[in-house]
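Single-letter residue listing:
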Amino acid sequence: MNDFLPDAVIKGLQDARRASISRGNRLCVHDGDDIMRIRRFWADGMALDADAGDLLRGRVDIYDGMRHLYQALIVGSRVEGEECIFDFKWLHAVTDNPPVDFVRTDDAPAGLLPRL
């Protein structure tokens, strides 16, 4: 189908698709001071724009807007078409609470009242 469309129309369709993806997705990866939008995200990796800059390596932080979601270790990358695909060695969810070394029961009291 693309053989019959003028180059200007094809470029306009590609730009519109790219704008639609970036508008609907708030996921982004933070690597130091650099912030890049994530086009696609799955358990073993993610895809960024091919022109997003140099290739990422090491530990990165993944955010949804301002909310910190994950920390990931990037071990491999490759360019496929308009996307740069990154592979994770590990992906950990970030929690708001500190880790504990004991089991918390469901019926534990929320707090203790002092004696009067």
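Residues numbered from 1 in each chain as written. Predicted model: local features only at pLDDT ≥ 70, side-chain atom pairs only at ≥ 80, totals over all residues. Heavy atoms only, no water.

1. What about the sheet that holds strand E4 (residues 45-49)?
Paired through backbone hydrogen bonds, the strands of a sheet run either parallel or antiparallel to each other. With antiparallel pairing, the seven strands of this open sheet are ordered in space as E2-E1-E5-E6-E7-E4-E3. Strands at the two margins of the open sheet, each flanked by one partner only, are strand E2 (34-37) and strand E3 (40-42). In this sheet, neighbouring strand axes are inclined to one another by 35° on average, regardless of whether the strands run parallel or antiparallel. The pairing of strand E5 (residues 58-64) with strand E6 (residues 67-80) spans seven bridges and is antiparallel. Bridged to Arg-59 within E6 is Leu-73. (Pairing = 2+ DSSP bridges. Helix = DSSP H or I, 4+ residues; strand = E, 2+ residues; numbered from the N terminus. Axes fitted to C-alpha atoms, helices over the stretch in contact; angles between N-to-C directions.)

2. A closer look at the nonpolar core
Among the nonpolar cores identified, the biggest contains 15 residues, and Val-29, Met-46 and Leu-56 are the most heavily contacted of them. Of all the secondary structure elements, the ones that give two or more residues to this core are strand E1 (27-31), E4, E5, E6 and strand E7 (83-93). Beyond its immediate stretch of four places on either side in the chain, Met-46 contacts Val-29, Ile-38, Arg-40, Phe-41, Leu-56, Ile-74, Cys-84, Ile-85, Phe-86 and Phe-88. (Core = buried A, V, L, I, M, F, W, Y, C linked by side-chain atoms within 4.5 Å. Buried < 20%, exposed > 50% of the residue type's maximum accessible area, 1.4 Å probe, protein only. Contact = heavy atoms within 4.5 Å.)

3. Some remarks on the side chain of His-30
Residue position: His-30 is located in strand E1. Accessibility expressed as a relative area gives 19% for His-30, which makes it buried. Ignoring any residue separated from it by four or fewer positions in sequence, one finds His-30 in contact with Ile-35, Val-60, Asp-61 and Tyr-63.

4. What to know about the packing of aromatic side chains
Applying the stated criterion across every chain, the model contains two aromatic pairs. Note on Phe-41 and Phe-88: the rings are 6.1 Å apart at their centroids and 55° apart in plane angle, and the pair reads as tilted. Placement of Phe-41 in strand E3 and of Phe-88 in strand E7 is noted, with a sequence separation of 47 residues between them. Members of the aromatic cluster, each reached through a chain of ring pairs, are Phe-41, Tyr-70 and Phe-88. (Phe/Tyr/Trp six-rings, centres within 6.5 Å; stacked < 30°, edge-to-face > 60°.)

5. Things to note about the pairing of E2
Relative to E2, E1 runs antiparallel, the two being bridged by four bridges. If you follow His-30 over to E2, its bridge partner there is Ile-35. Linking E1 back to E2 in an antiparallel pair, the connection comprises two residues, with Gly-32 at a positive phi of about 70°.

These values are about where atoms sit, not about what they do.
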